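Structural description and commentary
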Amino acid sequence: MLNKGSKINLSIEKFGNTGEGISHIGEIPIFVKYTAPGDEIEAEITVIKKNYAEGILKRIIKPSPLRVTPPCPYYGKCGGCDLMHIDYENQLKLKKEMLSNTIRHISLIDADTSECIPSDKTLRYRNKFQAPFGICENKVILGFFKYNTHKVIPIKDCLLQPEWVKNIIDITENWARRERIPVYNEITSKGILRHLVVREVGKKLIIILVATQNIKDKAGTFKKAILEIYPNSVILININKLKGNAVLSDKCVFLTAETSLPSDFYGIKFNLSPLSFMQVNQDIMNKIYLKIIEKIKKHNKPIIIDAYSGTGILTYSLSAYAEKTIGIEIVEQAVKDAEKIAAENEIRNSVNIQGDCAKILPEIIKKTEAENPQKEIILILDPPRKGLDENTSEVITDCKKINEIIYVSCNPATLARDLKILNKCYDIESITPFDMFPQTHHIETLVCMKRKS
(Lines give C-alpha, C1' and ligand atoms only; values in the text may rest on other atoms or scores of the structure.)
Protein backbone atom coordinates (compact mmCIF):
# COMPACT_ATOMS: atom_id res chain seq x y z
CA MET A 1 0.00 0.00 0.00
CA LEU A 2 1.49 3.33 -1.09
CA ASN A 3 1.34 6.25 1.28
CA LYS A 4 2.26 9.86 0.61
CA GLY A 5 5.56 10.64 2.33
CA SER A 6 6.65 7.01 2.55
CA LYS A 7 10.13 6.05 1.34
CA ILE A 8 10.50 2.96 -0.83
CA ASN A 9 13.19 1.25 -2.88
CA LEU A 10 12.53 1.12 -6.63
CA SER A 11 14.12 -0.36 -9.74
CA ILE A 12 13.77 2.05 -12.67
CA GLU A 13 12.59 0.10 -15.71
CA LYS A 14 12.23 2.65 -18.52
CA PHE A 15 11.86 6.28 -19.44
CA GLY A 16 8.54 8.10 -19.57
CA ASN A 17 7.53 10.44 -22.36
CA THR A 18 8.78 13.54 -20.56
CA GLY A 19 12.12 12.08 -19.48
CA GLU A 20 11.26 10.77 -16.04
CA GLY A 21 12.11 7.24 -14.91
CA ILE A 22 9.30 4.72 -14.44
CA SER A 23 9.07 1.91 -11.91
CA HIS A 24 6.08 -0.18 -10.75
CA ILE A 25 4.57 -1.30 -7.51
CA GLY A 26 2.20 -4.01 -8.66
CA GLU A 27 0.27 -2.49 -11.56
CA ILE A 28 0.82 1.10 -10.43
CA PRO A 29 3.48 3.05 -12.37
CA ILE A 30 5.63 5.37 -10.29
CA PHE A 31 7.31 8.32 -12.03
CA VAL A 32 10.58 9.68 -10.63
CA LYS A 33 12.50 12.55 -12.25
CA TYR A 34 16.30 12.53 -12.59
CA THR A 35 16.48 8.73 -12.78
CA ALA A 36 17.43 6.31 -15.56
CA PRO A 37 16.63 2.70 -16.55
CA GLY A 38 18.85 0.42 -14.49
CA ASP A 39 18.92 2.69 -11.45
CA GLU A 40 18.25 1.15 -8.05
CA ILE A 41 16.98 4.04 -5.93
CA GLU A 42 15.25 5.16 -2.79
CA ALA A 43 12.33 7.48 -3.52
CA GLU A 44 9.84 9.42 -1.44
CA ILE A 45 6.24 9.25 -2.64
CA THR A 46 4.85 12.75 -3.20
CA VAL A 47 1.72 12.22 -5.33
CA ILE A 48 -0.77 9.35 -5.31
CA LYS A 49 -3.50 9.16 -7.95
CA LYS A 50 -5.89 6.39 -8.96
CA ASN A 51 -3.73 5.09 -11.80
CA TYR A 52 -0.22 6.32 -10.99
CA ALA A 53 2.08 7.81 -8.37
CA GLU A 54 5.00 10.23 -8.35
CA GLY A 55 8.09 10.29 -6.22
CA ILE A 56 11.26 12.30 -5.72
CA LEU A 57 14.74 10.81 -5.80
CA LYS A 58 16.23 10.57 -2.31
CA ARG A 59 19.19 8.26 -2.85
CA ILE A 60 20.86 6.24 -5.60
CA ILE A 61 21.53 2.74 -4.29
CA LYS A 62 23.01 1.40 -7.53
CA PRO A 63 23.54 3.70 -10.54
CA SER A 64 22.44 2.89 -14.07
CA PRO A 65 25.21 2.45 -16.68
CA LEU A 66 23.51 5.28 -18.58
CA ARG A 67 24.41 7.74 -15.83
CA VAL A 68 27.04 10.48 -15.92
CA THR A 69 27.89 13.11 -13.32
CA PRO A 70 26.01 16.33 -14.21
CA PRO A 71 28.52 19.19 -14.61
CA CYS A 72 26.03 21.81 -13.35
CA PRO A 73 25.95 22.61 -9.61
CA TYR A 74 22.28 23.63 -9.88
CA TYR A 75 21.12 20.42 -11.59
CA GLY A 76 18.04 19.00 -9.88
CA LYS A 77 17.46 22.28 -8.02
CA CYS A 78 16.30 24.59 -10.80
CA GLY A 79 13.64 23.47 -13.26
CA GLY A 80 15.70 23.83 -16.44
CA CYS A 81 17.56 20.67 -17.42
CA ASP A 82 16.20 17.21 -16.67
CA LEU A 83 18.46 14.84 -18.68
CA MET A 84 21.94 16.05 -17.73
CA HIS A 85 22.45 12.85 -15.69
CA ILE A 86 22.28 10.80 -18.93
CA ASP A 87 25.20 10.58 -21.35
CA TYR A 88 24.51 12.42 -24.60
CA GLU A 89 24.29 9.43 -26.95
CA ASN A 90 21.61 7.92 -24.75
CA GLN A 91 19.80 11.25 -24.55
CA LEU A 92 19.44 11.08 -28.34
CA LYS A 93 18.17 7.48 -28.19
CA LEU A 94 15.74 8.41 -25.45
CA LYS A 95 14.32 11.32 -27.44
CA LYS A 96 13.78 9.15 -30.51
CA GLU A 97 12.01 6.58 -28.34
CA MET A 98 9.86 9.20 -26.56
CA LEU A 99 8.79 10.74 -29.87
CA SER A 100 8.02 7.37 -31.45
CA ASN A 101 6.03 6.20 -28.43
CA THR A 102 4.04 9.44 -28.25
CA ILE A 103 3.09 9.32 -31.93
CA ARG A 104 2.16 5.64 -31.72
CA HIS A 105 0.12 6.07 -28.55
CA ILE A 106 -1.83 9.20 -29.52
CA SER A 107 -2.12 8.98 -33.31
CA LEU A 108 -2.19 5.15 -33.52
CA ILE A 109 0.26 5.50 -36.44
CA ASP A 110 3.15 3.07 -36.50
CA ALA A 111 5.55 5.14 -38.61
CA ASP A 112 9.34 4.86 -38.58
CA THR A 113 11.19 7.58 -36.69
CA SER A 114 14.68 8.52 -37.85
CA GLU A 115 17.64 8.79 -35.52
CA CYS A 116 17.70 12.04 -33.56
CA ILE A 117 19.91 14.67 -35.24
CA PRO A 118 22.45 15.82 -32.61
CA SER A 119 23.35 19.37 -31.71
CA ASP A 120 26.96 20.32 -32.42
CA LYS A 121 27.06 21.89 -28.97
CA THR A 122 25.58 20.07 -25.99
CA LEU A 123 26.46 22.89 -23.56
CA ARG A 124 26.53 26.69 -24.05
CA TYR A 125 24.27 26.30 -27.10
CA ARG A 126 21.46 28.74 -26.32
CA ASN A 127 21.35 32.24 -27.82
CA LYS A 128 18.64 33.40 -25.40
CA PHE A 129 18.68 33.75 -21.60
CA GLN A 130 15.50 34.43 -19.67
CA ALA A 131 15.36 34.59 -15.88
CA PRO A 132 12.92 35.91 -13.27
CA PHE A 133 13.96 38.23 -10.49
CA GLY A 134 13.50 36.93 -6.96
CA ILE A 135 14.48 37.52 -3.35
CA CYS A 136 16.91 35.32 -1.42
CA GLU A 137 18.25 36.19 2.03
CA ASN A 138 16.71 39.66 1.61
CA LYS A 139 18.72 40.31 -1.55
CA VAL A 140 17.55 40.74 -5.15
CA ILE A 141 18.60 37.75 -7.23
CA LEU A 142 18.21 36.30 -10.71
CA GLY A 143 17.56 32.62 -11.13
CA PHE A 144 15.29 29.89 -12.44
CA PHE A 145 12.07 28.51 -11.07
CA LYS A 146 12.39 25.32 -9.09
CA TYR A 147 10.62 22.47 -10.90
CA ASN A 148 6.82 22.73 -10.67
CA THR A 149 6.97 25.84 -8.46
CA HIS A 150 7.38 29.60 -8.72
CA LYS A 151 10.18 29.65 -6.17
CA VAL A 152 13.23 31.31 -7.73
CA ILE A 153 16.51 29.41 -7.25
CA PRO A 154 19.47 31.85 -7.42
CA ILE A 155 22.13 31.06 -10.03
CA LYS A 156 25.48 32.59 -11.04
CA ASP A 157 25.89 30.65 -14.28
CA CYS A 158 23.92 28.36 -16.61
CA LEU A 159 25.82 25.80 -18.68
CA LEU A 160 23.25 26.01 -21.46
CA GLN A 161 24.01 29.71 -21.94
CA PRO A 162 27.12 31.37 -23.45
CA GLU A 163 29.84 32.60 -21.11
CA TRP A 164 28.43 36.13 -21.10
CA VAL A 165 25.61 35.02 -18.83
CA LYS A 166 27.89 35.18 -15.75
CA ASN A 167 28.78 38.85 -16.30
CA ILE A 168 25.21 39.82 -17.14
CA ILE A 169 23.82 38.20 -13.98
CA ASP A 170 26.48 39.86 -11.82
CA ILE A 171 25.95 43.33 -13.34
CA THR A 172 22.15 43.08 -13.09
CA GLU A 173 22.01 41.85 -9.49
CA ASN A 174 24.50 44.48 -8.28
CA TRP A 175 22.59 47.24 -10.04
CA ALA A 176 19.18 46.13 -8.71
CA ARG A 177 20.49 45.90 -5.14
CA ARG A 178 22.21 49.27 -5.36
CA GLU A 179 19.10 50.99 -6.71
CA ARG A 180 16.84 49.18 -4.21
CA ILE A 181 14.23 48.39 -6.83
CA PRO A 182 11.51 46.09 -5.45
CA VAL A 183 10.95 42.71 -7.08
CA TYR A 184 7.50 41.91 -8.49
CA ASN A 185 5.39 39.57 -6.38
CA GLU A 186 3.03 37.37 -8.40
CA ILE A 187 0.66 36.86 -5.49
CA THR A 188 0.20 40.50 -4.47
CA SER A 189 0.91 41.98 -7.94
CA LYS A 190 3.14 44.53 -6.24
CA GLY A 191 6.75 45.35 -7.07
CA ILE A 192 8.63 46.37 -10.20
CA LEU A 193 11.37 44.02 -11.48
CA ARG A 194 10.00 40.91 -13.23
CA HIS A 195 12.47 39.34 -15.67
CA LEU A 196 15.78 39.77 -17.45
CA VAL A 197 15.85 38.61 -21.07
CA VAL A 198 19.06 38.54 -23.13
CA ARG A 199 19.45 37.45 -26.74
CA GLU A 200 22.71 37.08 -28.68
CA VAL A 201 22.71 38.13 -32.32
CA GLY A 202 25.95 37.96 -34.29
CA LYS A 203 28.12 38.22 -31.12
CA LYS A 204 26.14 41.25 -29.95
CA LEU A 205 23.46 41.37 -27.26
CA ILE A 206 19.88 42.57 -26.89
CA ILE A 207 19.25 43.08 -23.16
CA ILE A 208 15.73 43.56 -21.81
CA LEU A 209 14.75 44.56 -18.30
CA VAL A 210 11.11 43.57 -17.81
CA ALA A 211 9.39 45.78 -15.25
CA THR A 212 5.91 46.90 -14.28
CA GLN A 213 6.77 50.55 -14.90
CA ASN A 214 9.25 52.74 -16.72
CA ILE A 215 12.47 52.71 -14.66
CA LYS A 216 14.60 54.59 -17.17
CA ASP A 217 15.65 57.12 -14.52
CA LYS A 218 17.21 54.30 -12.47
CA ALA A 219 18.72 52.35 -15.39
CA GLY A 220 21.55 54.72 -16.38
CA THR A 221 24.16 52.90 -14.29
CA PHE A 222 22.90 49.55 -15.61
CA LYS A 223 23.33 50.74 -19.20
CA LYS A 224 26.82 52.10 -18.47
CA ALA A 225 27.99 48.86 -16.82
CA ILE A 226 26.71 46.73 -19.71
CA LEU A 227 28.20 48.90 -22.47
CA GLU A 228 31.62 48.94 -20.80
CA ILE A 229 31.87 45.18 -21.34
CA TYR A 230 29.50 44.63 -24.26
CA PRO A 231 29.56 47.74 -26.48
CA ASN A 232 27.00 48.07 -29.28
CA SER A 233 24.39 46.22 -27.24
CA VAL A 234 20.70 47.09 -27.56
CA ILE A 235 19.33 47.82 -24.08
CA LEU A 236 15.69 48.49 -23.23
CA ILE A 237 12.95 48.33 -20.64
CA ASN A 238 9.88 46.26 -21.47
CA ILE A 239 6.90 47.48 -19.46
CA ASN A 240 4.64 44.56 -18.53
CA LYS A 241 1.83 45.34 -16.08
CA LEU A 242 -0.24 42.29 -16.95
CA LYS A 243 -0.90 39.48 -14.51
CA GLY A 244 -0.04 35.97 -15.66
CA ASN A 245 3.04 34.26 -17.05
CA ALA A 246 3.54 36.22 -20.29
CA VAL A 247 7.10 37.53 -19.97
CA LEU A 248 7.03 40.38 -22.51
CA SER A 249 4.48 43.01 -23.49
CA ASP A 250 4.54 45.10 -26.66
CA LYS A 251 5.57 48.31 -24.84
CA CYS A 252 9.31 49.07 -24.99
CA VAL A 253 11.42 52.00 -23.78
CA PHE A 254 14.90 51.96 -25.33
CA LEU A 255 17.97 53.06 -23.40
CA THR A 256 20.20 52.92 -26.49
CA ALA A 257 19.92 54.57 -29.88
CA GLU A 258 19.98 51.13 -31.52
CA THR A 259 16.66 49.28 -31.39
CA SER A 260 17.59 46.13 -33.33
CA LEU A 261 20.63 44.15 -34.46
CA PRO A 262 21.54 43.08 -38.01
CA SER A 263 21.52 39.38 -38.81
CA ASP A 264 21.86 37.10 -41.83
CA PHE A 265 20.28 33.72 -42.48
CA TYR A 266 20.76 31.76 -45.72
CA GLY A 267 21.49 35.02 -47.50
CA ILE A 268 18.42 36.79 -46.10
CA LYS A 269 19.49 39.97 -44.31
CA PHE A 270 17.26 41.32 -41.56
CA ASN A 271 17.27 43.28 -38.32
CA LEU A 272 16.25 41.28 -35.26
CA SER A 273 14.09 43.32 -32.91
CA PRO A 274 13.77 42.57 -29.18
CA LEU A 275 10.29 41.06 -29.55
CA SER A 276 11.06 38.93 -32.62
CA PHE A 277 10.99 35.15 -32.29
CA MET A 278 14.07 33.12 -33.17
CA GLN A 279 14.99 29.56 -32.27
CA VAL A 280 17.37 29.32 -29.31
CA ASN A 281 19.78 26.83 -30.95
CA GLN A 282 21.15 28.30 -34.17
CA ASP A 283 22.96 25.11 -35.17
CA ILE A 284 19.81 22.98 -35.09
CA MET A 285 17.72 25.69 -36.73
CA ASN A 286 20.22 25.67 -39.60
CA LYS A 287 19.95 21.89 -39.91
CA ILE A 288 16.15 21.94 -39.97
CA TYR A 289 15.97 24.73 -42.53
CA LEU A 290 18.60 23.05 -44.72
CA LYS A 291 16.57 19.84 -44.75
CA ILE A 292 13.45 21.77 -45.74
CA ILE A 293 15.35 23.59 -48.51
CA GLU A 294 16.72 20.28 -49.83
CA LYS A 295 13.16 18.92 -49.90
CA ILE A 296 11.81 21.94 -51.81
CA LYS A 297 14.69 21.91 -54.32
CA LYS A 298 13.55 18.48 -55.55
CA HIS A 299 10.38 20.06 -56.92
CA ASN A 300 9.89 22.19 -60.02
CA LYS A 301 9.23 25.65 -58.59
CA PRO A 302 6.13 24.85 -56.50
CA ILE A 303 3.81 27.30 -54.76
CA ILE A 304 4.74 27.36 -51.07
CA ILE A 305 2.27 28.39 -48.39
CA ASP A 306 4.10 29.00 -45.11
CA ALA A 307 1.53 28.97 -42.33
CA TYR A 308 2.59 30.53 -39.01
CA SER A 309 5.35 32.34 -40.95
CA GLY A 310 6.43 34.87 -38.30
CA THR A 311 8.76 37.47 -39.80
CA GLY A 312 9.17 35.36 -42.94
CA ILE A 313 12.78 34.17 -42.63
CA LEU A 314 12.00 30.60 -43.72
CA THR A 315 9.52 31.85 -46.32
CA TYR A 316 12.17 34.02 -47.96
CA SER A 317 14.86 31.35 -47.65
CA LEU A 318 12.65 29.16 -49.85
CA SER A 319 11.65 31.86 -52.33
CA ALA A 320 14.56 31.15 -54.68
CA TYR A 321 13.25 27.61 -55.20
CA ALA A 322 9.57 28.48 -55.58
CA GLU A 323 7.28 30.05 -58.15
CA LYS A 324 5.70 31.96 -55.30
CA THR A 325 5.74 31.92 -51.51
CA ILE A 326 2.82 32.97 -49.34
CA GLY A 327 3.34 33.68 -45.65
CA ILE A 328 0.42 33.62 -43.20
CA GLU A 329 0.90 35.16 -39.77
CA ILE A 330 -1.60 36.35 -37.17
CA VAL A 331 0.70 38.90 -35.42
CA GLU A 332 0.45 42.29 -37.13
CA GLN A 333 3.94 43.49 -36.14
CA ALA A 334 5.53 40.29 -37.45
CA VAL A 335 3.85 40.83 -40.83
CA LYS A 336 5.12 44.41 -40.95
CA ASP A 337 8.62 43.18 -40.15
CA ALA A 338 8.29 40.55 -42.89
CA GLU A 339 7.31 43.17 -45.46
CA LYS A 340 10.34 45.24 -44.51
CA ILE A 341 12.66 42.22 -44.84
CA ALA A 342 11.22 41.41 -48.29
CA ALA A 343 11.80 44.98 -49.48
CA GLU A 344 15.36 45.13 -48.12
CA ASN A 345 16.25 41.82 -49.80
CA GLU A 346 14.40 42.68 -53.05
CA ILE A 347 12.26 39.54 -52.88
CA ARG A 348 9.54 39.87 -55.52
CA ASN A 349 7.82 36.48 -55.55
CA SER A 350 6.51 36.47 -52.00
CA VAL A 351 3.44 37.87 -50.28
CA ASN A 352 2.52 38.15 -46.59
CA ILE A 353 -1.02 37.88 -45.31
CA GLN A 354 -2.09 38.75 -41.79
CA GLY A 355 -4.75 36.53 -40.30
CA ASP A 356 -5.74 33.38 -38.46
CA CYS A 357 -4.86 30.26 -40.48
CA ALA A 358 -8.02 28.50 -39.34
CA LYS A 359 -10.13 31.26 -40.88
CA ILE A 360 -8.25 32.35 -44.00
CA LEU A 361 -6.34 29.25 -45.15
CA PRO A 362 -9.27 27.81 -47.18
CA GLU A 363 -9.67 31.04 -49.12
CA ILE A 364 -5.93 31.34 -49.75
CA ILE A 365 -5.68 27.76 -50.97
CA LYS A 366 -8.71 28.18 -53.25
CA LYS A 367 -7.35 31.41 -54.73
CA THR A 368 -3.86 29.97 -55.17
CA GLU A 369 -5.24 26.91 -56.92
CA ALA A 370 -7.32 29.04 -59.30
CA GLU A 371 -4.40 31.33 -60.19
CA ASN A 372 -1.84 28.53 -60.58
CA PRO A 373 -3.72 25.44 -61.82
CA GLN A 374 -0.58 23.72 -63.14
CA LYS A 375 1.56 24.22 -60.03
CA GLU A 376 1.67 21.92 -57.05
CA ILE A 377 1.17 23.46 -53.61
CA ILE A 378 3.43 22.60 -50.69
CA LEU A 379 2.20 23.60 -47.24
CA ILE A 380 4.63 24.35 -44.41
CA LEU A 381 3.27 24.21 -40.87
CA ASP A 382 5.20 25.55 -37.88
CA PRO A 383 2.50 26.16 -35.25
CA PRO A 384 2.97 27.10 -31.58
CA ARG A 385 3.10 24.37 -28.90
CA LYS A 386 -0.69 23.94 -28.92
CA GLY A 387 -0.45 22.69 -32.53
CA LEU A 388 -3.20 23.09 -35.13
CA ASP A 389 -6.77 23.75 -34.18
CA GLU A 390 -9.28 21.20 -35.44
CA ASN A 391 -10.67 23.50 -38.12
CA THR A 392 -7.23 24.08 -39.64
CA SER A 393 -6.55 20.33 -39.74
CA GLU A 394 -9.88 19.65 -41.47
CA VAL A 395 -9.28 22.45 -43.98
CA ILE A 396 -5.95 20.91 -44.93
CA THR A 397 -7.33 17.40 -45.35
CA ASP A 398 -10.20 18.72 -47.50
CA CYS A 399 -7.87 20.47 -49.96
CA LYS A 400 -6.88 18.01 -52.66
CA LYS A 401 -4.51 20.52 -54.29
CA ILE A 402 -1.99 20.45 -51.42
CA ASN A 403 0.46 17.83 -52.61
CA GLU A 404 2.88 17.80 -49.68
CA ILE A 405 3.03 18.99 -46.08
CA ILE A 406 6.16 19.87 -44.13
CA TYR A 407 5.32 20.09 -40.42
CA VAL A 408 7.78 21.52 -37.86
CA SER A 409 6.76 20.80 -34.26
CA CYS A 410 8.10 21.56 -30.79
CA ASN A 411 5.50 19.42 -29.01
CA PRO A 412 5.29 15.64 -29.70
CA ALA A 413 1.85 15.32 -28.08
CA THR A 414 0.09 17.95 -30.23
CA LEU A 415 2.04 16.79 -33.29
CA ALA A 416 0.74 13.25 -32.76
CA ARG A 417 -2.82 14.55 -32.35
CA ASP A 418 -2.56 16.52 -35.61
CA LEU A 419 -0.97 13.63 -37.51
CA LYS A 420 -3.93 11.43 -36.59
CA ILE A 421 -6.18 13.81 -38.55
CA LEU A 422 -3.79 14.59 -41.41
CA ASN A 423 -3.02 10.91 -41.92
CA LYS A 424 -6.54 10.42 -43.28
CA CYS A 425 -5.39 12.04 -46.53
CA TYR A 426 -1.60 12.20 -46.26
CA ASP A 427 1.01 9.46 -45.94
CA ILE A 428 3.96 10.09 -43.66
CA GLU A 429 7.21 9.99 -45.64
CA SER A 430 9.59 10.77 -42.80
CA ILE A 431 9.72 11.74 -39.13
CA THR A 432 13.01 13.34 -38.08
CA PRO A 433 13.71 14.46 -34.51
CA PHE A 434 16.25 17.26 -33.97
CA ASP A 435 17.91 17.88 -30.62
CA MET A 436 17.14 21.58 -30.33
CA PHE A 437 17.39 21.40 -26.52
CA PRO A 438 20.25 19.15 -25.26
CA GLN A 439 20.14 18.20 -21.56
CA THR A 440 16.33 18.52 -21.52
CA HIS A 441 13.54 16.20 -22.66
CA HIS A 442 12.27 18.77 -25.19
CA ILE A 443 12.66 18.10 -28.90
CA GLU A 444 11.96 19.61 -32.32
CA THR A 445 10.49 17.37 -35.02
CA LEU A 446 10.26 17.63 -38.81
CA VAL A 447 7.57 15.54 -40.52
CA CYS A 448 7.25 15.27 -44.29
CA MET A 449 3.91 14.09 -45.69
CA LYS A 450 2.57 13.38 -49.18
CA ARG A 451 -1.05 13.26 -50.28
CA LYS A 452 -2.43 9.76 -50.70
CA SER A 453 -2.88 8.74 -54.33
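See above for the structure.
Predicted model, so just to flag it, every value in this text is computed and none were measured. (Residues numbered from 1 in each chain as written. Predicted model: local features only at pLDDT ≥ 70, side-chain atom pairs only at ≥ 80, totals over all residues. Heavy atoms only, no water.)

**Here we look at the overall build of the chain**
Counting its secondary structure elements, the chain contains 9 helices and 22 strands. Taken over C-alpha atoms, the radius of gyration comes to 24 Å for the chain, in line with the 22 Å a tight globule of 453 residues would show. Principal axes of the C-alpha set define a box for the chain whose edges measure 65 × 60 × 40 Å. Sorting the 453 residues of the chain into buried and exposed places 53% on the buried side. (Helix = DSSP H or I, 4+ residues; strand = E, 2+ residues; numbered from the N terminus. Rg over C-alpha atoms; globule rule 2.2 N^0.38 Å. Buried < 20%, exposed > 50% of the residue type's maximum accessible area, 1.4 Å probe, protein only.)

**With respect to the pattern of salt bridges**
Inspection of the entire model under this criterion finds 23 salt bridges. Between Asp418 and Arg417 there is a salt bridge whose closest N-O contact spans 3.0 Å. (Salt bridge = Lys/Arg side-chain N within 4 Å of Asp/Glu carboxyl O.)

**Some remarks on the sheet that holds strand S16 (residues 303-307)**
Across the sheet, which stays open at both edges, the 7 strands sit in the order S18-S17-S16-S19-S20-S22-S21 with mixed pairing between neighbours. Two strands bound the open sheet, and with one partner strand each, they are strand S18 (350-354) and strand S21 (426-434). Sheet twist, expressed as the average angle between the axes of neighbouring strands with direction ignored, equals 15°. Strand contacts of helix H4 (residues 282-297): S16, strand S19 (377-381), strand S20 (402-409), S21 and strand S22 (444-451), with the helix running at about 155° to S21, the strand carrying the most contacts. In the packing of helix H6 (residues 332-344) onto the sheet, contacts are made with strand S17 (324-329) and S18, and the angle to S18 comes to roughly 165°. (Pairing = 2+ DSSP bridges. Axes fitted to C-alpha atoms, helices over the stretch in contact; angles between N-to-C directions. Contact = heavy atoms within 4.5 Å.)

**Focus on unusual backbone geometry**
Non-glycine residue Leu108 carries a positive phi angle of around 65°. Assignment of secondary structure puts Leu108 in the loop between helix H1 (88-107) and strand S7 (128-136). Here the phi dihedral of Arg124 falls at roughly 55°; this positive angle occurs in a residue that is not glycine. Looking at the secondary structure, you find Arg124 in the loop between H1 and S7.

**Here we look at the state of the cysteines**
Throughout this description, disulfide means a covalent bond between two cysteine sulfur atoms. Counting across every chain of the model gives 0 disulfides. Its sulfur unpaired, Cys116 is 15 Å from the next cysteine sulfur, which belongs to Cys410. Judged by relative accessible area, which is 7%, Cys116 ranks as buried. Note on Cys158: no disulfide assigned, nearest cysteine sulfur contributed by Cys81 at a separation of 6.1 Å. For Cys158, a relative accessible area of 10% translates into the label buried. (Disulfide = S-S within 2.5 Å.)

**Things to note about the environment of Lys216**
One can find Lys216 in the loop between strand S11 (204-211) and helix H3 (220-229). On the basis of relative accessibility, which here comes to 45%, the residue Lys216 falls in the partly exposed class. Separated by 20 residues in the primary sequence, Lys216 and Leu236 have C-alpha atoms spaced 8.7 Å apart.

**Examining the pairing of strand S3 (residues 21-25)**
Both strand S2 (residues 14-15) and S3 contribute to a ladder of 2 bridges, which runs antiparallel. Residue pairing for S3: Phe15 is matched across the bridge by Gly21. Adjacent in sequence and paired antiparallel, S2 and S3 are bridged by 5 residues, among which Gly19 carries a positive phi angle near 90°. From the end of S3 to the start of strand S4 (residues 28-32), which pair antiparallel, there are 2 residues, and Gly26 there has a positive phi angle of about 65°.

**Description of the nonpolar core**
Core analysis: the biggest nonpolar cluster contains 85 residues, and Phe129, Phe133, Ile168, Trp175, Leu196, Phe222 and Ile292 have the highest contact counts within it. The contacts of Ile168, once residues within four sequence positions are left out, are Leu196, Val198, Leu205, Ile207, Ile226 and Tyr230. In this structure, Ile103, Ile360, Ile365 and Ile377 belong to the second largest nonpolar core, which totals 33 residues. (Core = buried A, V, L, I, M, F, W, Y, C linked by side-chain atoms within 4.5 Å.)

**A few points about the sheet that holds strand S8 (residues 139-145)**
The strand order S9-S8-S7-S10-S11-S12-S13 describes an open sheet built from 7 strands, whose pairing is mixed. In this open sheet, the two edge strands, each paired with only one partner strand, are strand S9 (152-154) and strand S13 (252-254). Mean inter-strand twist for the sheet, computed between neighbouring axes without regard to direction, equals 35°. Strand direction decides the pairing type here: S7 and S8, joined by 4 bridges, are antiparallel. When the sheet's bridge partners are listed, Gly134 is paired in S8 with Ile141. Running at roughly 145° to strand S12 (residues 234-239), H3 makes contact with strand S10 (193-201), S11 and S12 of the sheet.

**Details of the pairing of S12**
S12 sits mainly inside the fold: 6 of its 6 residues count as buried. Side chains Val234, Leu236 and Asn238 of S12 all project onto a buried face; the interleaved residues Ile235, Ile237 and Ile239 project onto the opposite face, where all are buried too. In this structure, S11 lies alongside S12, joined through 6 bridges in parallel fashion. When the bridges of S12 are listed, Ile207 appears paired with Ile235. With 3 bridges joining them, S12 and S13 adopt antiparallel strand pairing. Within the sheet, the bridge partner assigned to Leu236 lies in S13 and is Phe254.

**Comments concerning the environment of Leu318**
Relative to the helices and strands, Leu318 resides in helix H5 (residues 313-318). Accessibility expressed as a relative area gives 0% for Leu318, which makes it buried. Here the alpha-carbon distance between Leu318 and Asp306, two residues 12 residues apart in the chain, equals 9.8 Å. Here Leu318 is in contact with Ile292, Ile293, Ile296, Ile304, Thr325 and Ile380, once residues within four sequence places are set aside.

**Points about the packing of H1 against helix H9 (residues 412-422)**
Put simply, H1 and H9 touch, their axes get as near as 8 Å, and they point 45° apart. With respect to H9, the axis of H1 lies oblique. In this structure, H1 crosses over H9, and the sense of that crossing is right-handed. Contacts between H1 and H9 involve Leu99, Thr102, Ile103, Ile106 and Ser107 on the former and, on the latter, Pro412, Ala413, Leu415, Ala416, Arg417, Leu419 and Lys420. (Parallel < 35°, antiparallel > 145°, perpendicular 65-115°, else oblique. Left-handed = near helix turned anticlockwise from the far one by under 90°.)

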